[in-house]
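What the coordinates show
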Amino acid sequence: GRGRGRSRVAGRVPVVYAPHERLTCGVRYASLQAFRTGDGKGWGVRGSCPIAKGTVVVEVKGRVLSEAEYRSASDLSYVVSFDDVTLQAKRACGDDVLYFDLREQGNLMRLINDCQEAPNLQLVYYPPLDLSVSPPILPRKCFLVARHDIPPHVELTWNYGPHYDRHWQRRAR
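One numbering rule holds for all chains: residues counted from 1, following each sequence as written. Reporting of local features is limited, given that this is a predicted model, to residues whose pLDDT is at least 70; pairs of side-chain atoms are given and counted only at 80 or more, and all residues count toward the totals for whole chains, interfaces and linings. Neither water nor hydrogens contribute to the side-chain values; these are computed over all heavy atoms in the structure.

Each residue carries a pLDDT score, the predictor's confidence in it, ranging from 0 to 100. Predicted confidence across the chain gives a mean pLDDT of 83, with 82% of residues reaching 70 or more. The contact rule is simple, with two residues in contact once any of their heavy atoms fall within 4.5 Å. Here residues 1-9 scores under 50 on pLDDT; set against residues more than four positions off or in separate chains, the count is 8 contacts.

In C-alpha cells form, the structure reads like this:
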C-alpha cells in the first residue's frame, strides 16, 4: 500500500497514517497560482477561486529532518517546524518528525510569503497534540488553513513564526 515502502534513508522508518489521521486539502492544487509579486518579495501564491474560512489550502511537503540534520543545515530559509510546545513534546517522546525542509523537495507551499501583520493562512498541526492520553497523540503533518474568507487573486500569506530569520528587516534598520 501507499506509504508502506522501504525508507530511502538508512535508519528512517516511513510514516504511515491510520485512516482517522488523514486530512485532505479543500482547495484543488490546480487552482493555486504562482506569480511574481512585483514588490521585491519574488514569487507568491494566490488562488484562482474563493477560499472559505477553515479550508485546508495546502499540506506542508518536504524532506523530514532529524534534530541533527536541522542543527547542521546550512540554509534554514525553507524549513518549517512545529511550535516550541509541540517540539518539546515530540522530542520527549522520541518522535523524529520535527522539521520539514521544503528547499529541494517542497511543493507550491514553499512560495507562500511571510506576513506578520495580517496573514490570511495559519499553520495547523494534524492530528492535534494531545498530552492527556498515553501514549500522547503527536502531530505528524502540517497544513496551511484559511483564517478567514479569501477572495480570488489575493496573495496567500502566513506568519513564519518567531524563529524565522527575517534578514530584510535587519537591513531596513
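There's more to say after this.
As a further point, take the sheet that holds strand E6 (residues 99-101). One open sheet holds the 3 strands; their spatial order is E4-E6-E5, and the pairing between them is antiparallel. Edge strands, defined here as strands with exactly one partner in the open sheet, are strand E4 (63-65) and strand E5 (79-81). The sheet shows a mean angle of 30 degrees between the axes of neighbouring strands, direction not considered. Direction of pairing for E5 relative to E6: antiparallel, over a ladder of 3 bridges. When the sheet's bridge partners are listed, Val79 is paired in E6 with Asp101. Only strands joined by at least two bridges in the DSSP assignment are considered to pair. The way it works is that DSSP assigns letters per residue, a run of H or I at least four long becomes a helix, a run of E at least two long becomes a strand, and they are numbered from the N terminus. Fitting a line to C-alpha atoms yields each axis, with helices limited to the stretch in contact; the angle taken between N-to-C directions then spans 0 to 180 degrees.

For the rest of this paragraph, the subject is the layout of surface pockets. Approximately 1,100 Å³ is the volume found for the second largest pocket. Here a cavity denotes grid points, spaced 1 Å and computed from the protein atoms alone, that fit a 1.4 Å probe unable to get out, and a pocket denotes an open set having protein on both sides within 12 Å along at least 5 of 7 lines; residues with an atom within 4 Å of a point are the lining. Lining the second largest pocket are 41 residues, with Ser77, Val79, Trp158, Tyr160 and Tyr164 sitting closest to its centre. When contributions to the lining of the second largest pocket are tallied by element, the ones reaching two or more residues are helix H1 (67-72), E5, helix H2 (84-92), strand E7 (113-114), strand E8 (121-126) and helix H3 (167-172). Looking at the lining of the second largest pocket element by element, the count peaks at 4 residues for E8. Charged means Asp, Glu, Lys or Arg here, nonpolar means Ala, Val, Leu, Ile, Met, Phe, Trp, Tyr, Cys or Pro, and polar covers whatever is left, Gly included. For the lining of the second largest pocket, the residue count by class is 22 nonpolar, 10 polar and 9 charged. Grid points are joined across faces, edges and corners, and a volume is the space filled by probe spheres set on the points.

Of all hydrophobic cores here, the largest spans 30 residues; its most connected members are Met109, Ile112, Leu121 and Leu156. Those elements giving two or more residues to this core turn out to be strand E3 (56-59), E5, E6, E8 and strand E9 (141-146). Discounting chain neighbours no more than four positions away, the residues touching Met109 are Val58, Glu59, Val60, Val80, Leu102, Leu144 and Trp158. Working definition of a nonpolar core: buried Ala, Val, Leu, Ile, Met, Phe, Trp, Tyr and Cys residues. They are joined through side-chain atoms within 4.5 Å. Three labels apply to residues, based on accessible area from a 1.4 Å probe with only protein chains included: buried if under 20% of the type maximum, exposed if over 50%, partly exposed otherwise in between.

Let us now look at the pattern of salt bridges. By definition here, a salt bridge exists when the distance from a side-chain nitrogen of Lys or Arg to a carboxyl oxygen of Asp or Glu is within 4 Å. The final tally for this structure, using the stated rule, is 10 salt bridges. A salt bridge links Asp95 to Lys90; the shortest N-O distance between them is 2.8 Å. Judged by its relative accessible area of 9%, Asp95 is buried. Residue Lys90 is classed as buried on the basis of its relative accessible area, which comes to 0%. In this structure, the salt-bridge partner of Asp101 is Arg103, at a minimum N-O distance of 3.3 Å. Residue classification places Asp101 among the buried residues on the basis of a relative accessible area of 4%. According to the relative accessible area criterion, Arg103 is partly exposed, its value standing at 30%. Within the structure, one salt-bridge network assembled from shared partners comprises Glu59, Lys61 and Lys141.

The next thing to look at is the packing of aromatic side chains. For this analysis, a ring pair means two rings from Phe, Tyr or Trp (six-membered ring only for Trp) whose centres lie within 6.5 Å, classed as stacked if their planes differ by under 30 degrees, edge-to-face if by over 60, and tilted for the remaining angles. Enumeration over the complete set of coordinates arrives at 5 aromatic pairs. Considering the side-chain rings of Phe82 and Tyr125, the 5.0 Å spacing of their centres and the 55 degrees angle between planes classify their relative orientation as tilted. Here the residue Phe82 occupies a position in the loop between E5 and H2, and Tyr125 occupies one in strand E8, the gap between them amounting to 43 residues. Look at Trp158 and Tyr160: their rings are 4.9 Å apart centre to centre, the planes differ by 50 degrees, and that puts the pair in the tilted class. Taken together through their ring pairs, the aromatic side chains of Phe82, Phe100 and Tyr125 make up a single cluster. Its end group placed over the ring of Phe35, Arg46 keeps NZ or CZ at 4.3 Å from the ring centre. Here, a charge over a ring is recorded when the distance from Lys NZ or Arg CZ to the ring centre is within 6 Å and its angle to the ring normal is within 35 degrees.

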